[in-house]
Amino acid sequence: MRVLVLFLVAFLGIVLRDTVFNGLSVAGGKPDFVLIMVVYFAIFRGSVQGGFLGVALGLLEDLMTGRFIGINAICKGLIGFAAGYSERNLHKNNFVVPMVAVIVATFGNAVLYFLFSVLIGGNVGLNTMLFSSIPDAVYNMCFSPVFYAVFYRFFTNKTNS
Amino acid sequence: MFKKTWIRNLLVITVLLGIFLGLAVNTVQPRGNLSFLEKGLRIAASPFQHGFRAVDGAVSGFFTYFTDKEKLQQENEELKQQLSQLNSELTQMSEISMENIRLRELLNYKEETRGQFQLQLAGIIAENNTNLQHTITLDRGSNDGIQTGMTVLNHSGLIGRITAVLPESSEVMLLPDRESAVGARVWSTREVIGVVEGEGSVSSTLQIIHLPHDADLYVGDILVTSGLDEVFPGGIQIGEITAIEYSANGLTKTATVKPYVNFNRLEEVFILMNSRGGNA
């Protein structure tokens with residue numbers, strides 16, 4: 001049930017990004033709801049579960065919008081796996097740290113996207129990729145408190161109970 | 001124990017990397033048909049895209065109001081002074097607006113019955129512009145007779161071609177997409193000069209690379225589709241040459257092309273219904 005909800009939110013997030021947020025795009029940047037979800041899920045559930053959710057939601061994104069099936073699955077999977085390593089070390093009560101985590105994840109995702117795109121024969125400039133990630137990172141950071149509050153409430157309540 | 005977990009994780013990552021890289025390599029070229037899963041997900045997303053698109057204008061307008069508040073206040077003062085004049089023009093504008101709607105309907109009718117260039121009007125319901133791909137989703141699909149490979153254009157010129165079709169929607173690979181290429185000729189001389197390629201950004205220009213140094217090409221030349229690539233029909237405007245650069249050894253040159261279509265302001269487009277295989 002929980003997984004289904006995550007998939008539904010990701011599904012709507014992808015549709016929203018390509019429709020409503022086209023009109024609200026700032027300097028070409030749009031929020032990446034899937035990335036935010038993967039990072040926060042990994043922070044609370046660890047690298048293995050974070051990695052698998054990253055692969056699953058990344059694949060969903062690829063199937064819904066991508067022409068290159070698998071690129072987002074790889075990138076989001078690795079981001080989830082890496083973010084999961086902060087599970088034990090991160091002060092989950094401090095809301096600033098997860099915001100920074102999302103910014104780092106946005107740039108990390110851009111670098112991974114670049115590397116794997118080049119590997120499969122795509123022609124993408126690293127500078128273009130990183131510069132276009134700046135507005136994306138700002139947008140993601142703005143949305144991160146809302147997502148973090150929901151994840152925090154859900155996972156800490158569950159732990160306490 | 002810790003080492004065991006690491007080895008297991010590494011093994012899983014390697015296997016998944018192999019699977020998905022293989023998938024990505026196999027899908028790197030534009031595909032005519034989408035997989036069952038892709039079709040299912042995109043069909044499921046289609047009603048949401050239509051719905052969200054409807055509120056898109058209202059939402060963006062709401063935020064624009066706040067960002068441009070100072071500017072709006074200044075404009076408001078000026079507009080008050082012009083109010084009396086605008087009132088008289090309002091009636092006239094309404095007349096023109098209604099006339100425009102009628103003319104648009106007439107134009108559609110005329111185009112549809114023209115025979116040679118049968119055009120289908122389509123609206124854009126989603127845009128997917130990343131550094132790797134530039135595509136738009138149209139609200140017309142196989143139920144409207146849309147097929148893969150059809151040319152998409154507007155009054156300004158060539159926009160792209162249909163790369164995937166669903167019952168209620170279709171996807172268009174835009175001209176600035178890195179995978180996009182179109183055979184071009186100079187409009188005035190009719191000389192076929194090469195292939196215009198996308199540079200990967202909707203705001204940037206197109207380019208023609210590896211031109212012979214003595215190619216008869218000048219800044220300001222207008223380019224149209226050649227029709228020789230058997231993808232796009234001939235004679236559709238592409239853009240204008242804005243710069244020509246010679247390579248370091250002087251053997252070849254590269255031309256920069258500014259497309260006539262503003263890819264950032266696409267709202268409605270035409271699909272050329274009888275353009276498959278460059279036969280239009």
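Now for a description of the structure that goes with this document. Since this is a predicted model, take the numbers as computed values, not measurements.

Parameters and conventions
Residues numbered from 1 in each chain as written. Chains lettered and ligands numbered in written order. Predicted model: local features only at pLDDT ≥ 70, side-chain atom pairs only at ≥ 80, totals over all residues. Helix = DSSP H or I, 4+ residues; strand = E, 2+ residues; numbered from the N terminus. Buried ≥ 20, exposed ≤ 12 C-beta atoms within 10 Å, placed from the backbone. Contact = placed C-beta atoms within 7 Å. Expected span 1.5 Å × (residues − 1). Bend = angle between axes of the 7 residues up to and from the residue. Pairing = 2+ DSSP bridges. Axes fitted to C-alpha atoms, helices over the stretch in contact; angles between N-to-C directions. Nonpolar A, V, L, I, M, F, W, Y, C, P; charged D, E, K, R; others polar. Core = buried A, V, L, I, M, F, W, Y, C linked by C-beta atoms within 7 Å. Parallel < 35°, antiparallel > 145°, perpendicular 65-115°, else oblique. Left-handed = near helix turned anticlockwise from the far one by under 90°.

The next point concerns the overall build of chain A. A tally of helices and strands in chain A yields 6 helices and 0 strands. Helices and strands appear in chain A in the N-to-C order α-α-α-α-α-α. The burial tally for chain A puts 51% of its 161 residues in the buried class. Residue pairs in contact within chain A that sit at least 24 positions apart in sequence constitute 69% of those at least 6 positions apart.

All names here are of chain A. In a regular helix each residue adds 1.5 Å, so 33 residues correspond to 48 Å; helix α3 (residues 33-65) covers only 14 Å between its end C-alpha atoms and thus falls short of that length. Largest kink in α3: about 145 degrees, centred on G46. Counting buried positions along α3 yields 26 of 33 residues, so the element is predominantly enclosed.

The next thing to look at is the pairing of strand β5 (residues 170-174) of chain B. The two faces of the sheet receive side chains in turn, since in a regular strand these alternate between them. Residue and element names in this part refer to chain B. Of all 5 residues that make up β5, 5 are buried, and the element is covered over most of its length. A two-sided burial pattern is seen for β5, the buried positions comprising S170, V172 and L174 on one face and E171 and M173 on the other. Bridge count between strand β2 (residues 134-138) and β5: 4 bridges; the pairing is antiparallel. Residue pairing in the sheet places L138 in a bridge with S170 of β5. Note: strand β4 (residues 158-165) against β5, 5 bridges, orientation antiparallel. Considered in β5, the bridge of I162 is made with V172.

On to the sheet that holds strand β12 (residues 268-272) of chain B, then. Residue and element names in this part refer to chain B. Ordered in space as β1-β2-β5-β4-β3-β12, the 6 strands form a closed barrel in which the pairing is antiparallel. Strand-to-strand twist in this sheet, taken as the mean axis angle between neighbours without regard to direction, amounts to 45 degrees. Alignment of strand β1 (residues 119-129) against β2, held across 5 bridges, turns out to be antiparallel. Considered in β2, the bridge of E127 is made with I136.

Moving on: unusual backbone geometry. Residue and element names in this part refer to chain B. Even without being a glycine, R190 presents a positive backbone phi close to 70 degrees. By the element assignment, R190 lies in the loop between β6 (181-186) and β7 (192-197). Unusually for a residue other than glycine, H210 sits at a positive phi of about 55 degrees. Relative to the helices and strands, H210 is located in strand β8 (residues 206-212). Looking at H210, the number of C-beta atoms within 10 Å reads 12, which means it is exposed.

Tallying the contact residues gives 34 residues for chain B and 33 residues for chain A. Listed by contribution, the elements that provide at least two residues to the side of chain B that touches chain A are α1 (2-26), α2 (36-67) and β1 of chain B. Among the elements that make up the side of chain B that touches chain A, the one with the highest residue count is α2(B) (15 residues). In the side of chain B that touches chain A, the residues fall into 20 nonpolar, 8 polar and 6 charged.

Attention shifts here to the nonpolar core. In terms of nonpolar packing, the biggest core is built from 53 residues, with M37(A), V38(A), V39(A), Y40(A) and I79(A) touching the most fellow members. The element best represented in this core is α3(A), accounting for 19 residues. When near neighbours in sequence (up to four residues on either side) are disregarded, M37(A) contacts L6(A), V9(A), A10(A), L57(A) and F147(A). In this structure, M150(B), L153(B), I159(B) and I271(B) belong to the second largest nonpolar core, which totals 42 residues.

Turning our attention to the packing of α3(A) against helix α5 (residues 96-119) of chain A. Residues and elements named next belong to chain A. Orientation of α3 relative to α5, taken along the N-to-C sense of each, is 125 degrees, at an axis distance of 10 Å. As the angle between them shows, α3 and α5 are arranged oblique. Once α3 is placed against α5, the crossing between them reads as right-handed. Contact residues: α3 offers L35, I36, V39, Y40 and I43, while α5 offers P98, A101, V102, A105, T106 and N109.

Here we come to the pairing of strand β11 (residues 252-259) of chain B. Residues and elements named next belong to chain B. Inspection of the sheet shows β8 paired to β11 by 5 bridges, in the antiparallel sense. Bridging from a neighbouring strand, L211 pairs with K253 of β11. When strand β10 (residues 237-246) meets β11, the two strands line up antiparallel, connected through 7 bridges. Across the sheet, the residue bridging to E240 is K258, located in β11.

Turning to the packing of helix α1 (residues 2-18) of chain A against α3(A), a few remarks are in order. Residues and elements named next belong to chain A. As a packed pair, α1 and α3 sit with axes 10 Å apart at the nearest point and diverge in direction by 55 degrees. Taken together, α1 and α3 sit at an angle that is classed as oblique. In the crossing of α1 with α3, the sense of the turn from one axis to the other is right-handed. Note on element contacts: α3 touches α1 through F33, V34, M37, L53, L57, L60, E61, M64 and T65, opposite L6, F7, V9, A10, F11, G13, I14, R17 and D18. A class-by-class count of the residues in the contact of α1 with α3 yields 13 nonpolar, 2 polar and 3 charged.

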